[in-house]
Amino acid sequence: MSRSLKPATSIDQQIEILRSRGMQVDDDLARQWLANVSYYRLSAYWYPARVRKGRLARSDCFRPDVSFADVVALYEADRKLRTLVHDGMERVEVALRARVGEVLCDPDPVGYTDPARFRPSFDHASWLNVAKKRIGRARKHNEAISHYRDHYAAQYPFWVLAEVLDFADISKAFEGLGSKDQREVAEALGFVFETESLSKNQQRKVKARSPMVSWFEQLTIVRNICAHHGRLWNRSLTPAPTAALRMQPRFSQLPEGQSERVFGALTVMAHILRIVSPGTSWPERVMELLREEFLVNRIVSTSAMGIPRILKN
């Protein structure tokens, strides 16, 4: 039997609910944020401040050291992180387009239309159908698409097509490439996998399918979260393997096995940006934000973002 929906509450009632559950609340601050952000959206940020009730569940009561100001500070830190990630992701996305394009345009600029250019297991027809839909939507406002439609019998080189594909489309194209092509793209972005220290099973997996397939899938999710103003902090993502990456010192702080928290995605993004945008300050700005606005917040635990404890020092 389905439950009845709870009735809507006024902002004053919401403040009293929070206060009755033990949260320290400044009325003026709370009214401003509850009116313009909403109780529901903020509840994801104060959830970990609720007292544990058994191993998994939490009670409605808050820890006595937590205030509404802590929730606001965490929300603002997460908003700043989304802004930084959105900025960095633009460069990551453009670089991946270019690198995948270099592979797919050799020797034919429209080689992407040939299913033999991809793995037998890749659903090329579905991917190409999505690409054609992107072209169809872009025809009225994209001059390059119109030009190639009118003058080249609607043959679109990949470098033109790439401009109307989104990150998920490019990521799937990378997934469909053969092992050699995947390795070429990954190495161009600074991911050289030394497999000698891996187990035979891990070596076999790396040779058959680049670990970056899972990482680009995870970055797609991160990008979409930011594009829709979602929460990055304390978010579980599609797991990505770390064994091959951890062979490089730069990735030694990733967890063993798999990474499903945002720190792993930030680490991979930082590495790509150092390759494609030499001299970038993006990694340092992210680290400063983590240290100065996340880790000092009473609500935040290092595990919520997959941050290694060493960063607290």
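Residues numbered from 1 in each chain as written. Predicted model: local features only at pLDDT ≥ 70, side-chain atom pairs only at ≥ 80, totals over all residues. Heavy atoms only, no water.

## Concerning the pattern of salt bridges
Right, on to step 1. By the definition in use, this model includes 22 salt bridges.
Right, on to step 2. A salt bridge links Arg63 to Asp65, with the shortest nitrogen-to-oxygen separation between them at 3.3 Å.
Right, on to step 3. On the accessibility criterion, Arg63 (24% relative accessible area) is partly exposed.
Right, on to step 4. You can call Asp65 partly exposed: its relative accessible area is 31%.
Right, on to step 5. When salt bridges that share partners are traced, they join Asp12, Glu16, Arg19, Asp27, Asp28 and Arg31 into one network. (Salt bridge = Lys/Arg side-chain N within 4 Å of Asp/Glu carboxyl O. Buried < 20%, exposed > 50% of the residue type's maximum accessible area, 1.4 Å probe, protein only.)

## Comments concerning the environment of Tyr156
Right, on to step 1. Its location among the elements puts Tyr156 in the loop between helix H6 (143-151) and helix H7 (158-161).
Right, on to step 2. According to the relative accessible area criterion, Tyr156 is buried, its value standing at 5%.
Right, on to step 3. In this structure, Tyr156 is in contact with Pro109, Val110, Tyr112, Ile135, Arg139, Ile145, Tyr148 and Arg149, ignoring residues within four places of it in sequence. (Helix = DSSP H or I, 4+ residues; strand = E, 2+ residues; numbered from the N terminus. Contact = heavy atoms within 4.5 Å.)

## Thoughts on the packing of helix H4 (residues 68-104) against helix H8 (residues 167-176)
Right, on to step 1. Their axes nearest at 10 Å, the elements H4 and H8 cross at an angle of 40°. Compared by their axis directions, H4 and H8 come out oblique. The way H4 lies across H8 gives a crossing that is left-handed. Contact with H4, carried on its side by Val92, Glu93, Leu96, Arg97 and Val100, involves Phe167, Ile170, Ala173 and Phe174 of H8 and no other residues of that element.
Right, on to step 2. Broken down by class, the residue content of the contact of H4 with H8 amounts to 7 nonpolar, no polar and 2 charged. (Axes fitted to C-alpha atoms, helices over the stretch in contact; angles between N-to-C directions. Parallel < 35°, antiparallel > 145°, perpendicular 65-115°, else oblique. Left-handed = near helix turned anticlockwise from the far one by under 90°. Nonpolar A, V, L, I, M, F, W, Y, C, P; charged D, E, K, R; others polar.)

## A few points about the nonpolar core
Right, on to step 1. The biggest cluster of nonpolar side chains holds 97 residues, and the ones touching the most others in it are Phe68, Val85, Tyr112, Phe158, Met212, Leu219 and Phe294.
Right, on to step 2. Sorting elements by how many residues they give to this core places H4 first, with 16 residues.
Right, on to step 3. Excluding anything up to four places from it in sequence, Phe294 contacts Leu74, Ala77, Asp78, Leu81, Trp233, Leu289, Val300 and Met305. (Core = buried A, V, L, I, M, F, W, Y, C linked by side-chain atoms within 4.5 Å.)

## Re the side chain of His271
Right, on to step 1. With respect to the secondary-structure elements, His271 resides in helix H12 (residues 262-276).
Right, on to step 2. In terms of polar contacts, His271 uses its side chain to reach the side chain of Arg250, at 3.4 Å.
Right, on to step 3. The residues touching His271, leaving out its near neighbours within four places in the chain, are Leu189, Gly190, Phe191, Gln248, Arg250 and Phe251. (Polar contact = N/O pair within 3.5 Å; in protein donor to acceptor, adjacent residues only side chain to side chain.)

## Points about the side chain of Arg134
Right, on to step 1. Structurally, Arg134 can be placed in helix H5 (residues 124-138).
Right, on to step 2. One polar contact links Arg134 to Asp166, side chain to side chain, over a distance of 3.0 Å.
Right, on to step 3. Leaving out residues up to four positions away in the same chain, Arg134 has contacts with Val164, Leu165, Asp166 and Asp169.

## Side note on the packing of helix H1 (residues 11-20) against helix H2 (residues 27-36)
Right, on to step 1. Axis separation between H1 and H2 bottoms out at 10 Å; the angle between their running directions is 120°. Regarding the angle of H1 to H2, the classification is oblique. The element H1 and its partner H2 pack so that their crossing is right-handed. On H2, the residues that touch Ile11, Asp12, Gln14, Ile15 and Arg19 of H1 are Asp27, Ala30, Arg31, Leu34 and Ala35.
Right, on to step 2. Considered class by class, the residues forming the contact of H1 with H2 number 5 nonpolar, 1 polar and 4 charged.

## Comments concerning the packing of aromatic side chains
In this description, an aromatic ring pair is defined by two values, namely the gap between the centres and the angle between the planes.
Right, on to step 1. Applying the stated rule across the entire model yields 13 aromatic pairs.
Right, on to step 2. Centroid distance Tyr45 to Tyr75: 5.1 Å. Interplanar angle 65°. Geometry classified as edge-to-face. Of the two residues, Tyr45 is situated in helix H3 (residues 39-46) and Tyr75 in helix H4; the sequence distance between them amounts to 30 residues.
Right, on to step 3. When its relative accessible area of 2% is taken as the criterion, Tyr45 is described as buried.
Right, on to step 4. In this structure Tyr75 comes out as buried when scored by relative accessible area, which is 9%.
Right, on to step 5. Three or more aromatic residues joined by ring pairs form one cluster here, namely Tyr112, Phe118, Phe122, Trp127 and Phe158. (Phe/Tyr/Trp six-rings, centres within 6.5 Å; stacked < 30°, edge-to-face > 60°.)

## With respect to the pairing of strand S1 (residues 50-53)
Right, on to step 1. The pairing of S1 with strand S2 (residues 57-62) spans 3 bridges and is classified as antiparallel. Its bridge partner lying in S2, Lys53 is registered against Ala57.
Right, on to step 2. Here S1 folds back onto S2, and the loop between the two strands holds 3 residues, one of which, Gly54, carries a positive phi near 90°. (Pairing = 2+ DSSP bridges.)

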